[in-house]
Amino acid sequence: MGGLFTLILVVILGLAMMAKVLLQHQIRELEAQYYSELVYHAQLKEQWGQMVLESAHLTAPLLVEQQARTDLKMQRPQHIRYLVLTEEPNR
């Protein structure tokens with residue numbers, strides 16, 4: 001009877017050790033995936049910053065005006081003043 005009890009304890013202990021090893025393996029895989037995602041996040045953050053800077057540069061008013069003049073041959077509208085003459089009623 002004592003031998004059966006010992007055998008059951010050894011089997012349970014073996015299963016627990018195998019479960020521990022499998023869990024440690026899964027934890028290592030998840031940690032590796034987590035750190036690779038952190039690196040990817042940092043890369044995306046850097047690209048975002050570069051895009052924001054580029055967007056700010058490309059939409060700068062002076063640059064837009066310069067490109068409109070040179071590339072599109074656009075000009076500012078001429079400021080024309082009109083003088084409207086109306087007839088005043090006689091007094």
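Look up a bit, the structure's there.
1. Some details on the overall build of the protein
Phase 1 of the analysis: Along the protein, the regular secondary structure elements total 2 helices and 0 strands.
Phase 2 of the analysis: Whereas a compact globule of 91 residues would reach a radius of gyration of roughly 12 Å, the protein reaches 39 Å, over 25% beyond that.
Phase 3 of the analysis: Projecting the C-alpha coordinates of the protein onto the three principal axes gives extents of approximately 130 × 40 × 15 Å.
Phase 4 of the analysis: Counting the 91 residues in the protein, one finds 2% classified as buried.
Phase 5 of the analysis: With the model as given, the accessible surface of the protein reaches about 9,600 Å², and the carbon-plus-sulfur share is 65%.
Phase 6 of the analysis: Treating the 8 positive side-chain charges of the protein as one cloud and the 9 negative ones as another, the clouds have centres 5 Å apart.

2. Examining the packing of aromatic side chains
Phase 1 of the analysis: Overall, the coordinates contain 1 aromatic pair when judged by the stated rule.
Phase 2 of the analysis: Here the aromatic rings of Tyr34 and Tyr35 are separated by 5.3 Å at their centres, their planes lie at 65°, and the arrangement is edge-to-face.
Phase 3 of the analysis: The class of Tyr34 is partly exposed, set by a relative accessible area of 48%.
Phase 4 of the analysis: Note on Tyr35: relative accessible area 52%, which makes it exposed.

3. What to know about the pattern of salt bridges
Phase 1 of the analysis: Summed over the entire model, instances satisfying the criterion amount to 2 salt bridges.
Phase 2 of the analysis: The shortest N-O distance in the salt bridge between Glu65 and Arg69 comes to 2.7 Å. A residue pair is termed a helical-turn pair when its members lie 3 or 4 positions apart in one helix, as Glu65 and Arg69 do in helix α2 (residues 61-70) at 4 residues.
Phase 3 of the analysis: Taking relative accessible area as the criterion, Glu65 reaches 26% and is therefore assigned partly exposed.
Phase 4 of the analysis: Take Arg69: its relative accessible area is 43%, and that puts it in the partly exposed class.
Phase 5 of the analysis: Salt-bridge contacts for Glu65 lead to Arg76; the nearest nitrogen and oxygen are separated by 3.4 Å. With a gap of 11 residues between them, Glu65 in helix α2 and Arg76 in the segment after α2 connect regions that are remote in the sequence.
Phase 6 of the analysis: The exposure class assigned to Arg76 is exposed, which follows from its relative accessible area of 57%.
Phase 7 of the analysis: Taken together, the shared-partner salt bridges connect Glu65, Arg69 and Arg76 into one network.

4. Observations concerning a nonpolar patch on the surface
Phase 1 of the analysis: Where nonpolar side chains cluster on the molecular surface, the patch consists of Leu4, Leu7, Ile8, Val11, Ile12, Leu15 and Met18 and spans about 690 Å² of accessible area.
Phase 2 of the analysis: In this structure, Ile8 sits in helix α1 (residues 2-58).

Cut-offs used in this document
Think of each chain on its own: its residues are numbered from 1, step by step along the sequence as written. Only residues with pLDDT of at least 70 are given local features in this predicted model, and only at 80 or more are side-chain atom pairs given and counted; all residues enter the totals for whole chains, interfaces and linings. To obtain the side-chain values, all non-hydrogen atoms of the structure were used and water was disregarded. Under the DSSP-based scheme used, a helix requires at least four consecutive residues in state H or I and a strand at least two consecutive residues in state E, with every element numbered from the N terminus. For this measure, only C-alpha atoms enter the radius of gyration; the expected value for a globule follows 2.2 Å times N^0.38, where N is the number of residues. Note on exposure labels: buried denotes an accessible area under 20% of the residue type's maximum, exposed denotes more than 50%, and partly exposed covers the range between, all computed with a 1.4 Å probe on protein chains only. To measure how exposed things are, a 1.4 Å probe is used in the Shrake-Rupley method; for residues, cover is taken only from the protein chains shown. His is not counted, nor are the chain ends; Lys and Arg add positive charge and Asp and Glu add negative charge. Throughout, a charge is located at the NZ atom of Lys, the CZ atom of Arg, the CG atom of Asp or the CD atom of Glu. Centres within 6.5 Å are what make two rings of Phe, Tyr or Trp a pair, Trp counting through its six-membered ring; a difference in plane orientation under 30 degrees is then read as stacked, over 60 as edge-to-face, and the rest as tilted. Definition used for salt bridges: Asp or Glu carboxyl oxygen within 4 Å of a side-chain nitrogen of Lys or Arg. By definition, no residue in a patch forms a salt bridge, and every one has over 30% relative accessible area; like charges are joined within 9 Å, nonpolar side chains (Val, Leu, Ile, Met, Phe, Trp, Tyr) within 5 Å.

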